[in-house]
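# Structure assessment
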Amino acid sequence: MRPGKWMNLIKVIAMFLVLAGILFCLIKAVNKMGTGQQSESLKQLDGSIRKAVMTCYATEGVYPPNINYLKENYGIQIDEERFTVFYEVHGDNMMPDVTVMERQDTE
């Protein structure tokens, strides 16, 4: 091969590597953005449950007995394929412990 052809080949390889790097960075950014949205969904669900718990206490004088009560009476909707909610009651006049976790695939 002539020296000019070697230079052209090197330029093509370099351009390919640059494009591959840009594509890699773009994929990482999109993946990170999706993770941020999942985290925000978890925070919103946790906040909605806590707000409903406080609203129930303010209007009824007692904390809700279980998470189903919040679903039926306060419009809480839980995507149970994505999230698990732990709701632990300690007494009628003690705020329950609420923990919202994202489900992990067990496959």
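Residues numbered from 1 in each chain as written. Predicted model: local features only at pLDDT ≥ 70, side-chain atom pairs only at ≥ 80, totals over all residues. Heavy atoms only, no water.

## Notes on the overall build of the protein chain
Heads up, the rule is: Secondary structure elements follow DSSP: runs of H or I no shorter than four residues count as helices, runs of E no shorter than two count as strands, and numbering proceeds from the N terminus. Only protein chains enter the accessibility calculation, which uses a 1.4 Å probe. A residue is then buried if its area is under 20% of the maximum for its type, exposed if over 50%, and partly exposed in between. Accessibility throughout is a Shrake-Rupley quantity obtained with a 1.4 Å probe, and a residue counts as covered only by protein chains that appear here.
On a plain count of helices and strands, the protein chain comes out with two helices and two strands. Going from N to C terminus, the protein chain has its helices and strands arranged as α-α-β-β. Here the protein chain holds 107 residues, and 16% of them are scored as buried. Surface exposure of the protein chain reaches about 8,500 Å², of which carbon and sulfur atoms provide 59%.

## What to know about the pattern of salt bridges
Under the convention used in this document: Each reported salt bridge corresponds to a side-chain nitrogen of Lys or Arg within 4 Å of a carboxyl oxygen of Asp or Glu.
Under the criterion given, the structure shown has two salt bridges. Where arginine 50 meets aspartate 46, a salt bridge forms, and the shortest distance between an N and an O atom there is 2.9 Å. Of this pair, arginine 50 and aspartate 46 both sit in helix H1 (residues 3–60), separated by four residues, roughly a single helical turn. Residue arginine 50 is classed as partly exposed on the basis of its relative accessible area of 31%. As a salt-bridge pair, glutamate 80 and lysine 71 come within 2.4 Å of each other at their nearest N and O atoms. In this structure glutamate 80 comes out as partly exposed when scored by relative accessible area, which is 44%.

## Focus on the packing of aromatic side chains
Short version of the rule: Aromatic rings from Phe, Tyr and Trp, with only the six-membered ring used for Trp, were paired whenever their centres fell within 6.5 Å, and each pair was classed as stacked if the ring planes differed by under 30 degrees, edge-to-face if by over 60, and tilted otherwise.
Under the defined criterion, the tally for this structure stands at two aromatic pairs. Measuring from ring centre to ring centre gives 4.2 Å for tyrosine 57 and tyrosine 63, while their planes differ by 15°; the resulting arrangement is stacked. On the basis of an interplanar angle of 45° and a centroid distance of 6.4 Å, the ring pair of tyrosine 69 and tyrosine 74 is categorised as tilted.

## A closer look at the nonpolar core
Heads up, the rule is: Buried Ala, Val, Leu, Ile, Met, Phe, Trp, Tyr and Cys residues form a nonpolar core when they are joined through side-chain atoms within 4.5 Å. By the convention used here, residues are in contact when the closest approach between their heavy atoms is within 4.5 Å.
Counting residues in each nonpolar core, the largest one holds 14 residues, and the members touching the most others are Leu45, Ile49, Ile67, Leu70, Ile78, Val85 and Val100. Of all the elements, H1 adds the most residues to this core, at four residues. Setting aside chain neighbours within four positions, we find isoleucine 49 in contact with Ile67, Leu70, Ile76, Ile78, Val85, Val98 and Val100.

## Regarding the pairing of strand S1 (residues 83–88)
Two faces, one strand: in a regular strand the side chains alternate between the faces of the sheet. Condition: Note: two strands are recorded as paired if DSSP finds a minimum of 2 bridges between them.
The alternating pattern of S1 places Phe83, Val85 and Tyr87 on a buried face and Thr84, Phe86 and Glu88 on a face that is not buried. Note that S1 and strand S2 (residues 97–102) share six bridges and pair antiparallel. Bridging from a neighbouring strand, glutamate 88 pairs with aspartate 97 of S2.

## A few points about helix H2 (residues 67–74)
Applied cut-off: Pairing of N or O atoms within 3.5 Å defines a polar contact, subject to two protein rules: one partner must be a possible hydrogen donor and the other a possible acceptor, and residues neighboring in sequence count only if both atoms are side-chain atoms.
At the N-terminal end of H2, a side-chain oxygen is found 3.1 Å from the backbone nitrogen of asparagine 68, two or three residues along, and the residue is asparagine 66. Phi turns positive one or two residues past the end of H2, at glycine 75, with a value near 70°.

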